[in-house]
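For reference, the chains in residue letters:
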Amino acid sequence: MSNDEGTAQNPPRTQARQITLQVGERRFVTTLQTLVPESNFFASLLSGRWDDALTDGSYFIDADPTLFEHILRYLRRRVLPIFYDISKGHDHALYLALLEEAKYFQIARLQEWLENKKYLYALSVECFIEEDEGTPCPTTLSTDTSVEYYPEWGTKRVQCMKARGDADAVYDEEPMLRLLVVKKRTVFDMQACVAGQFQIDNESEPFSEIEEVSHWCPELGGWYDTDEEAEQNYINDNVIRLIEENSS
């Protein structure tokens with residue numbers, strides 16, 4: 001087979017169109033294919049209907065660059081965000097701030113994740129409680145597990161002397177330290193962040209009303225929360241195609 005035939009059967013991939021964004025005081029470099037499929041804001045901005053580019057070809061976005069990092073990270077990989085610390089819990093202030101950015105950039109899937117607090121179902125905490133006597137012993141725990149000790153003084157009966165013959169044994173009360181040991185293990189459901197699906201525990205009240213929240217669309221090659229979202233992504237994909245055709 002000649003080189004010409006091989007080229008015809010395996011055409012070169014179209015090079016991604018590079019986009020530079022000036023977000024506040026910081027610059028971000030990404031591609032058209034990253035920005036447009038899920039963001040109606042960028043689909044409109046980069047459609048070519050308006051001449052909004054700066055003299056150097058970049059686009060100015062009046063937004064917080066620190067929050068925009070999370071927006072761009074999501075658009076690049078479509079992994080829904082979790083902001084959780086094992087000692088502090090969820091960062092609800094960051095969720096709220098990012099929700100406003102998701103609304104501004106018109107990213108429906110991310111907005112629904114934050115607005116409906118679906119991130120709460122991506123993490124669960126398993127608790128193990130046991131009672132122990134004496135001082136806590138050194139133990140090795142995995143980084144997803146924490147342990148808490150709740151001490152309490154009590155007493156226990158101890159035999160202080162042996163009785164002779166048929167006489168009853170004599171007991172005394174002795175102080176004793178009791179410990180309530182609470183171990184907590186954080187369980188992370190990765191599938192919830194990637195596909196928006198949850199593993200449901202039917203016996204758990206908060207989870208009982210949650211069902212599968214996204215579905216696979218083979219025609220479009222991705223997970224989508226609703227048919228409307230799949231349709232909008234199809235439209236935005238065609239916007240990319242038209243922009244590339246007009247710029248070539």
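Not measured: the values here are computed from a predicted model.

Engineer: Can you explain the pairing of strand E1 (residues 18-23)? Please cite residues and give values.
Structural biologist: With respect to burial, E1 is a largely interior element, 5 of its 6 residues being buried. As paired elements, E1 and strand E2 (residues 26-31) share 6 bridges and run antiparallel to each other. When the sheet's bridge partners are listed, Gln18 is paired in E2 with Thr31. The hairpin turn running from E1 into E2, its antiparallel successor, is 2 residues long, and Gly24 in that turn takes a positive phi close to 60 degrees. Pairing of E1 with strand E3 (residues 59-61) involves 3 bridges; the strand directions are parallel.

Engineer: How would you explain the side chain of Arg109 if you had to name every residue and give the values?
Structural biologist: Of note, Arg109 is situated in helix H6 (residues 108-115). In this structure the side chain of Arg109 is engaged in a polar contact, spanning 3.2 Å, whose partner is the backbone oxygen of Arg78.

Engineer: Outline the nonpolar core, listing residues and values.
Structural biologist: In this structure, Leu21, Phe42, Leu46, Ile61, Phe68, Phe105 and Leu114 are the most contacted members of the largest nonpolar core, which totals 37 residues. Broken down by secondary-structure element, the contributors of at least two residues to this core are E1, helix H2 (32-35), helix H3 (40-45), E3, helix H4 (65-77), helix H5 (92-104), H6 and helix H7 (190-195). Among the elements that line this core, the one with the most residues is H4, at 6 residues. In this view, Phe42 contacts Leu21, Leu35, Val36, Ile61, Phe68, Leu75 and Phe105; residues no more than four positions away in its chain are not counted.

Engineer: Could you give an account of the confidence of the model for the protein chain, naming the residues involved and the relevant values?
Structural biologist: Looking at the protein chain, pLDDT values average 78 and 67% of them are 70 or higher. Mean pLDDT in the protein chain bottoms out at strand E9 (residues 215-217), which sits at 46, and peaks at H5, which reaches 98. A low-confidence stretch, residues 202-216 (pLDDT under 50), is modelled with 29 contacts involving residues beyond four sequence positions or located in other chains. In the model, residues 218-225 has pLDDT below 50 throughout and makes 26 contacts with residues more than four positions away in sequence or in other chains.

Engineer: Account for H6, naming residues and giving values.
Structural biologist: Regarding H6, the residues found buried are Arg109, Leu110, Trp113 and Leu114. With its buried residues spanning 125 degrees around the axis, H6 presents them on a single face. Immediately downstream of H6, the backbone of Lys117 shows phi near 55 degrees, a positive value.

Engineer: A description of unusual backbone geometry should follow, citing residues and the corresponding values.
Structural biologist: Of note in this structure, Arg78 is not a glycine but carries a positive phi near 60 degrees. Note on placement: Arg78 falls in the loop between H4 and strand E4 (84-85). Of note, the phi angle at Lys117 is positive, near 55 degrees, even though the residue is not glycine. On the secondary structure map, Lys117 appears in the loop between H6 and strand E6 (123-133). According to the relative accessible area criterion, Lys117 is partly exposed, its value standing at 43%.

Engineer: Would you mind going over a nonpolar patch on the surface in detail, with residue names and values included?
Structural biologist: On the surface, Val79, Phe188, Met190 and Val194 cluster together into a nonpolar patch covering about 360 Å² of accessible area. Along the polypeptide, Phe188 turns up in strand E8 (residues 170-188).

Engineer: Describe in detail the packing of H4 against H5, supporting the description with residues and values.
Structural biologist: At their nearest, the axes of H4 and H5 sit 10 Å apart, and the two run at 70 degrees to each other. When the axis of H4 is compared with that of H5, the two are roughly perpendicular. Counting all contacts with H4, which are made through Leu67, His70 and Ile71, the residues of H5 involved are Leu94, Ala97, Leu98, Glu101 and Ala102. Of the residues belonging to the contact of H4 with H5, the class tally is 6 nonpolar, 1 polar and 1 charged.

Engineer: Just give me the short version of the side chain of Ser39, but keep the residues and values in it.
Structural biologist: Considering the arrangement of structural elements, one finds Ser39 in the loop between H2 and H3. You can call Ser39 buried: its relative accessible area is 0%. A distance of 2.7 Å separates a polar side-chain atom of Ser39 from the backbone oxygen of Phe105.

Engineer: Explain the packing of H5 against H6 residue by residue, including any values.
Structural biologist: The geometry of H5 relative to H6 is characterised by a closest axis approach of 9 Å and an angle of 150 degrees between their N-to-C directions. On the basis of their axis angle, the class for H5 and H6 is roughly antiparallel. Note that H5 runs across H6; the crossing there is left-handed. Of H6, the residues touching H5 (which contributes Tyr95, Leu98, Leu99, Ala102 and Lys103) are Leu110, Gln111, Leu114 and Glu115.

Cut-offs and rules
- Residues numbered from 1 in each chain as written.
- Predicted model: local features only at pLDDT ≥ 70, side-chain atom pairs only at ≥ 80, totals over all residues.
- Heavy atoms only, no water.
- Buried < 20%, exposed > 50% of the residue type's maximum accessible area, 1.4 Å probe, protein only.
- Helix = DSSP H or I, 4+ residues; strand = E, 2+ residues; numbered from the N terminus.
- Pairing = 2+ DSSP bridges.
- Polar contact = N/O pair within 3.5 Å; in protein donor to acceptor, adjacent residues only side chain to side chain.
- Core = buried A, V, L, I, M, F, W, Y, C linked by side-chain atoms within 4.5 Å.
- Contact = heavy atoms within 4.5 Å.
- pLDDT = per-residue confidence, 0-100.
- Arc of directions from axis to C-beta.
- Patch = residues over 30% accessible without salt bridge, like charges linked within 9 Å, V, L, I, M, F, W, Y side chains within 5 Å.
- Areas by Shrake-Rupley, 256 points an atom, 1.4 Å probe, with all protein chains shown as cover.
- Salt bridge = Lys/Arg side-chain N within 4 Å of Asp/Glu carboxyl O.
- Axes fitted to C-alpha atoms, helices over the stretch in contact; angles between N-to-C directions.
- Parallel < 35°, antiparallel > 145°, perpendicular 65-115°, else oblique.
- Nonpolar A, V, L, I, M, F, W, Y, C, P; charged D, E, K, R; others polar.
- Left-handed = near helix turned anticlockwise from the far one by under 90°.

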